[in-house]
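Breakdown of the fold
Here is what each chain is made of, one letter per residue.
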Amino acid sequence: MNYQISQRAASLSPSLTLAIDSKAKAMKAAGEDVVGFGAGEPDFDTPQHIKDAAARALAAGFTKYTPAAGIPELRQAIADKHQRENGLTYKPSEIIVSCGGKHACYNVIFATCQAGDEVIIPAPYWLSYPEMAKLAGATPVIVETTDQTEFKLTPEQLRAAITPRTRLLVLNSPSNPTGSVYTPEETKALGAVCVEKSVLIMSDEIYEHLLYDGATVQSVASFSPAHFEHTIIVHGFAKAWSMTGWRLGWCAAPEPIAKAIDAIQSHSTSNPTSFAQKGAVAALTGPQDHLPLWLAEFAKRRTYAWQKLNSIPGLTCVNAKGAFYLFPNISRTGLKSTEFCAKLLEQEKVAAVPGIAFGADDYIRLSYATSLANIEKGLERIERFCRGLL
Ligand SMILES: *Cc1c(COP(=O)(O)O)cnc(C)c1O
């Protein structure tokens, strides 16, 4: 049978992060001693009170459809979070709960972009953004940044990339894959260009709470009423509450966009899982005392890994102020990222993600969401690998 695959689907690049991950898992299953730096999720368990709230809801029979955009209690808790932590006033009707932050991004792009539109995506980028733009029929416009500017887009670069077709800028701070964080001033300036040029901003703030060295972030929506009107925030429970498998995220958007997203979601997934939403309410309204413990642990690993990476011949690494990734530059090893990672896995049994997956072929992504012992062992192996190359 000659199956015809839609142009939409055929145009996608399969997720390279998942490909490396499955190869590493297969090696592990075969009994090999693999050190994995591929994880895109915290290595901590979901806090107990969140699990309890979901379990109680399940036991009480909270197992039916909810409104497509989420239960009122959760939309209110999210609106309260934005008021309390970001000084942003959203009505519950401007909050749409989706099946993960990724799903929220997808909905936002589908609600705002179509054929002929351009979506500006600074590289290194989270690998799903360009594919989502393509799925919506729009054209991703990639603007490259390097470690020389800590992987940050400048207002001049943004201005130069904007055309009459530009619809959306994707911002992600703290960033996956680089861990880079825009200062409030930098964020405000990028927002001002978008306001001036009538470009919407999709601000992916899922790593908002994972910050180090006293770094702060401020949502681009918060600088002026005009900034607010041009911004759609994407957020989720996956990272700061370690709920990746729960599939729960949200967006906060001006009402007309929120309505469009609600309509899209009502014809695709419908509501996110009913009892999981009850867990999410507990995540936002319950104690947050897990977070400082996790941050202290992440900070310790980050400092160790950053120092060690910079001592390895052939590698340089800027220190990242957020998320749980480091993004070392491998250009002095003479290898591009795919070959580097394939050989590293083969020779040293260390799994890292090639930067090309994020539009940056001179880098690799290392996640430190794994134990310090693993990090020490893995970096020793990376050092041996690099010495062998030079
Ligand atoms: C993890 C992540 C998300 C959301 O992940 P979900 O599991 O779908 O909630 C969104 N954006 C970035 C940049 C991420 O790293």
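How each quantity is defined
Residues numbered from 1 in each chain as written. Predicted model: local features only at pLDDT ≥ 70, side-chain atom pairs only at ≥ 80, totals over all residues. Heavy atoms only, no water. Near = heavy atom within 4 Å. Areas by Shrake-Rupley, 256 points an atom, 1.4 Å probe, with all protein chains shown as cover. Disulfide = S-S within 2.5 Å. Buried < 20%, exposed > 50% of the residue type's maximum accessible area, 1.4 Å probe, protein only. Core = buried A, V, L, I, M, F, W, Y, C linked by side-chain atoms within 4.5 Å. Helix = DSSP H or I, 4+ residues; strand = E, 2+ residues; numbered from the N terminus. Domains from an automatic or database assignment. Contact = heavy atoms within 4.5 Å. Patch = residues over 30% accessible without salt bridge, like charges linked within 9 Å, V, L, I, M, F, W, Y side chains within 5 Å. Salt bridge = Lys/Arg side-chain N within 4 Å of Asp/Glu carboxyl O. Axes fitted to C-alpha atoms, helices over the stretch in contact; angles between N-to-C directions. Parallel < 35°, antiparallel > 145°, perpendicular 65-115°, else oblique. Left-handed = near helix turned anticlockwise from the far one by under 90°. Nonpolar A, V, L, I, M, F, W, Y, C, P; charged D, E, K, R; others polar. Buried area = accessible area lost by both parts, 1.4 Å probe. Polar contact = N/O pair within 3.5 Å; in protein donor to acceptor, adjacent residues only side chain to side chain.

Observations concerning the site of the ligand
Around the ligand, the structure places 13 residues, and the nearest of them are Gly101, Asp204, Tyr207, Lys239 and Arg247. Across the complex, the protein chains shield 93% of the 390 Å² of accessible surface that the ligand would expose by itself.

Examining the state of the cysteines
Per the stated rule, a full pass over the model turns up 0 disulfides. Among the cysteines around Cys105, which has no disulfide bond, Cys251 carries the closest sulfur, lying 9.2 Å off. Looking at Cys105, the relative accessible area reads 0%, which means it is buried.

Observations regarding the nonpolar core
Of all hydrophobic cores here, the largest spans 65 residues; its most connected members are Leu74, Phe237, Phe340 and Ile382. By residue number, the principal contributor to this core is helix 12 (residues 290-311), which donates 6 residues. Taken domain by domain, the makeup of this core includes at least three residues from each of domain 1 (7-46 + 290-389) and domain 2 (48-285). When residues no more than four places from it in sequence are discounted, the contact partners of Phe340 are Leu315, Ile330, Thr333, Leu335, Ile364, Phe385, Cys386 and Leu389. Of all hydrophobic cores here, the second largest spans 36 residues; its members include Ala136, Leu200, Cys251 and Ala258.

Remarks on a nonpolar patch on the surface
Taken together, Met1, Tyr3 and Ile5 make up a surface patch of nonpolar side chains, about 450 Å² in accessible area. Among the secondary structure elements, Ile5 is positioned in the segment before helix 1 (7-10).

Focus: the packing of helix 13 (residues 337-348) against helix 14 (residues 372-389)
Packed helix pairs are characterised by how far apart their axes lie and by the angle those axes make with each other. Their axes nearest at 10 Å, the elements helix 13 and helix 14 cross at an angle of 115°. By the angle between their directions, the pair helix 13 and helix 14 is classed as roughly perpendicular. Judged by the sense of rotation from one axis to the other, the crossing of helix 13 with helix 14 is right-handed. Contacts between helix 13 and helix 14 involve Phe340, Lys343, Leu344, Gln347 and Glu348 from the first element and Arg381, Ile382, Arg384, Phe385, Cys386 and Leu389 from the second. Here the residues of the contact of helix 13 with helix 14 are counted per class, giving 6 nonpolar, 1 polar and 4 charged.

Observations regarding the domain arrangement of the protein chain
As assigned here, the protein chain comprises domain 1 (7-46 + 290-389) and domain 2 (48-285). Across the contact, 39 residues belong to domain 1 and 37 residues belong to domain 2. Between domain 1 and domain 2, the buried area comes to about 3,200 Å², and carbon and sulfur atoms account for 58% of it. In this assembly, domain 1 and domain 2 are joined by 2 salt bridges. The partner of Lys51 in a salt bridge is Asp45, and the shortest N-O contact between them spans 2.7 Å. In this structure, the connection of domain 1 to domain 2 is made through 21 residue pairs in polar contact (both at pLDDT 80 or more). Secondary structure elements with two or more residues in the side of domain 1 that touches domain 2: helix 2 (16-29), helix 12 and strand 9 (325-326). Among the elements that make up the side of domain 1 that touches domain 2, the one with the highest residue count is helix 12 (7 residues). Broken down by class, the residue content of the side of domain 1 that touches domain 2 amounts to 21 nonpolar, 12 polar and 6 charged.

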